[in-house]
Amino acid sequence: MKKTLFITLITVSQFAFSQNKSVVIMNGTIHIGNDSIIQNGIVGIKNGKIVEVIDASKSKVELGNYDEKIDATGKHIYPGLIAPNSTLGLTEIESVRATLDFREVGTTLPNVRSVIAYKTDSKIIPTVRTNGVLLAQITPRGGLVSGTSSVLMLDGWNWEDAAYKIDDGIHVNWPRMQTRNWNDNESTLGAPEKNKEYDKQVNELKKLFSEAKAYNELDTKEEKNIRFESMSDLYSGKQNLYIHANNVKEIVEAVNFAKSYNIEHTVIVGGQDSWMVTDLLKENKVSVIVNRVHDLPGKAEDDVDLPFKLPYLLHKAGVLFCLNNEGDMEAMGTRNLPFMAGTAAAYGLTKEEALAAITSNTSKILGIDNNVGTIAVGKQASLFISSGDALDMRTNNFEHAFI
């Protein structure tokens, strides 16, 4: 028993460093996260901040100014990866309902906050962290309006300790124009049919957003409405509106819906058909959190490689995008985020462009790019070291992390 405990402590000590110490990482290849690389680089960290990012072939650093030194010769230094649209910390075992805490009862619940349900002691979180995913946007699910997401660090004693950006945006599940039902006598999906509830559901969204907008424009409020209060930052531009939509017509209607309420920051989540409407997305400055890359196409007539190529198609069109892992076994599968970026690199993106899709692009979309997403002076020390290519499952070998 003592031997097992000792090994565990040694293993943990290899991964974690106190942010109270000053640390210098030397001789590694620095992947900045913005499509640039420093081959023989030095990163200096003091009080949890990056104070130096140096090309050692051009400049020198005073090593005596640091408490601890890490030799990263032959290794790679990356910004901490960021997982958007995740139920990490809200789910533990998908087949055990008591461990699922990502959905509330109701249809339109903008006031539901995922952050208070986040469990820092989840057994899944360390497995995700050891592939370089150091921050995540924790997101509710279900209904027309699921609630409000928050960005958390994947380390902390409780949710208050882990919270990075609280209530960053509200999530809307755009109604589907078509539905599929299981056949009565067969275990297969039936033919798609028109969603008879579509107009009713869209009108329900319009009613909520219209009433909330009118409420938040009042100088004095006779009675406090929690649902409407929770949407006030959406209209002032402090929050994002995340609209989950895949079909091309649904994406168009969702973008026009947000535009009609003058929502400043709109993000399409999923976006299987987003490559068809890139001009609309660019014109309205709408970014996309792309569906799981390791998946099948949404429609039978789609190119079988479409999920792999979608990041490249959006990049080529100039649409800001990032990658996410929503789907079956979602929380534990978040550890595969870097390998999804690797797949995108095999289908059009460069390795550094693919890295940006899980670091700097994500930070821009979530509104945290002033502090994280790239390795740069003045930013917070959210980074990790791998002895191999972090986007390649054959060579990724996580060694140290700073959160």
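Look a little higher up for the structure.
Residues numbered from 1 in each chain as written. Predicted model: local features only at pLDDT ≥ 70, side-chain atom pairs only at ≥ 80, totals over all residues. Heavy atoms only, no water.

## Things to note about the packing of aromatic side chains
Threshold: Classification of ring pairs rests on two measures: the distance between centres of Phe, Tyr or Trp rings, Trp counted by its six-membered ring, which must be within 6.5 Å, and the angle between planes, read as stacked under 30 degrees, edge-to-face over 60 and tilted in between. Counting from the N terminus, the helices are the DSSP runs of H or I reaching at least four residues and the strands are the DSSP runs of E reaching at least two. Classification of residues uses two cut-offs on accessible area relative to the type maximum, computed with a 1.4 Å probe and protein chains only: under 20% is buried, over 50% is exposed, and between them is partly exposed.
Evaluation of the coordinates by the stated rule reveals eight aromatic pairs. Ring geometry for Tyr-78 versus Phe-384: centroids 5.3 Å apart, planes at 20°, classification stacked. Highlighted residues: Tyr-78 in strand 5 (residues 76-79) and Phe-384 in strand 16 (residues 383-386), separated in sequence by 306 residues. With a relative accessible area of 0%, Phe-384 lands in the buried category. Aromatic pair Tyr-215 and Phe-228: ring centres 5.6 Å apart, planes at 55°, arrangement tilted. With a gap of 13 residues between them, Tyr-215 in helix 4 (residues 198-216) and Phe-228 in helix 5 (residues 226-229) connect regions that are remote in the sequence. The buried category is assigned to Phe-228, whose relative accessible area is 8%.

## Some words on the layout of surface pockets
Rule in force here: Using protein atoms alone on a 1 Å grid, points that fit a 1.4 Å probe yet trap it form a cavity, whereas open point sets bounded by protein on both sides within 12 Å along at least five of seven lines form a pocket; residues with an atom within 4 Å of a point count as lining. Grid points are joined across faces, edges and corners, and a volume is the space filled by probe spheres set on the points. In the scheme used here, Gly and all other residues not listed as nonpolar or charged are polar, with Ala, Val, Leu, Ile, Met, Phe, Trp, Tyr, Cys and Pro taken as nonpolar and Asp, Glu, Lys and Arg as charged.
Of the volumes computed, that of the largest pocket is approximately 1600 Å³. Every element with two or more residues in the lining of the largest pocket is listed here: strand 10 (178-179), helix 4, strand 12 (240-245), helix 7 (248-260) and strand 13 (266-270). Of the residues contributing to the lining of the largest pocket, the split by class is 12 nonpolar, 17 polar and 14 charged.

## Focus on the environment of Asn-47
Relative to the elements of secondary structure, Asn-47 occurs in the loop between strand 2 (37-46) and strand 3 (49-55). Along the backbone, Asn-47 and Ala-254 are 207 residues apart, and their C-alpha atoms lie at a distance of 43 Å.

## What about the pairing of strand 16?
This is how it is decided: The pairing criterion is simple: DSSP has to find at least two bridges between the two strands.
Across the two faces of strand 16 the burial is the same, with Leu-383 and Ile-385 and Phe-384 and Ser-386 all buried. Pairing of strand 5 with strand 16, which is carried by four bridges, proceeds in the antiparallel orientation. Looking at the pairing, His-76 lines up with Ser-386 of strand 16. Sheet analysis places strand 16 next to strand 17 (residues 398-402), joined by four bridges and oriented antiparallel. Across the sheet, Leu-383 pairs through a bridge with Phe-402, a residue of strand 17.

## With respect to the nonpolar core
Counted only if it meets this: Residue types Ala, Val, Leu, Ile, Met, Phe, Trp, Tyr and Cys, when buried and joined through side-chain atoms within 4.5 Å, form a set referred to as a nonpolar core. We call two residues in contact when some of their heavy atoms are within 4.5 Å.
Ranked by size, the top nonpolar core spans 88 residues in total, and within it Leu-88, Trp-174, Phe-209, Ile-268, Leu-281 and Leu-323 carry the most contacts. At seven residues, helix 4 tops the list of elements feeding residues into this core. Non-local contacts of Ile-268, meaning those with residues more than four positions away in its chain, are made with Ile-243, Ala-245, Ile-251, Ala-254, Val-255, Leu-281, Val-286, Ser-287, Val-288 and Ile-289. Grouped together as the second largest cluster of nonpolar side chains are 16 residues, Ile-25, Ile-32, Val-43 and Ile-375 included.

## A closer look at the pattern of salt bridges
What counts, and what does not: Between Lys or Arg on one side and Asp or Glu on the other, a salt bridge is scored when a side-chain nitrogen of the former is within 4 Å of a carboxyl oxygen of the latter.
In the structure shown here, the tally under the stated rule is 12 salt bridges. Within the structure, one salt-bridge network assembled from shared partners comprises Arg-141, Glu-326 and Glu-330.

## Here we look at the side chain of Lys-379
Threshold: In this tally, Asp and Glu contribute negative charge and Lys and Arg positive charge; neither His nor the terminal groups of the chain are included.
You can see Lys-379 is positioned in the loop between helix 13 (360-366) and strand 16. Buried Lys-379, no salt bridge; nearest opposite-charge side chain is Asp-369, N-O distance 6.1 Å. The contacts of Lys-379, once residues within four sequence positions are left out, are Lys-49, Ile-50, Asp-369, Asn-370, Asn-371, Val-372 and Thr-374.

## Here's the deal with the sheet that holds strand 12
Here is the rule we go by: Helix axes are fitted only over the stretch in contact, all axes being lines through C-alpha atoms; the angle between N-to-C directions runs from 0 to 180 degrees.
Ordered in space as 6-7-8-9-12-13-14-15, the eight strands form an open sheet in which the pairing is mixed. What marks the edges here is a single partner per strand, and that holds for strand 6 (81-86) and strand 15 (321-323). Adjacent strand axes in the sheet meet at a mean angle of 25°, parallel and antiparallel pairs treated alike. By the bridge criterion, four bridges tie strand 13 to strand 14 (residues 287-290) in an arrangement that is parallel. Each residue of the ladder has a partner; that of Gly-270, found in strand 14, is Val-290. Strands in contact with helix 7 are strand 12 and strand 13; relative to strand 12, the strand with the most contacts, it is inclined by about 160°.

## Examining empty space enclosed by the protein
Taken as a whole and judged by the stated rule, the model has two cavities of 30 Å³ or more. Computed from the structure, the largest cavity encloses a volume of approximately 100 Å³. The wall of the largest cavity is formed by Gln-272, Val-290, Asn-291, Arg-292, Asp-295, Leu-296, Pro-297, Gly-298, Leu-306, Pro-307 and Leu-310. The element that contributes the greatest number of residues to the lining of the largest cavity is helix 9 (residues 306-317), accounting for three residues. Quantified by volume, the second largest cavity comes out at close to 40 Å³. Taken together, Ala-83, Pro-84, Asn-85, Ser-86, Asn-324, Asn-325, Glu-326, Glu-330, Thr-334 and Leu-337 make up the full set of residues lining the second largest cavity.

## Quick notes on the environment of Trp-157
Tracing the backbone shows Trp-157 in the loop between strand 8 (145-153) and helix 3 (159-162). When its relative accessible area of 80% is taken as the criterion, Trp-157 is described as exposed. Considering only alpha carbons, one finds Trp-157 and Lys-119, 38 residues apart in sequence, at a separation of 9.2 Å.

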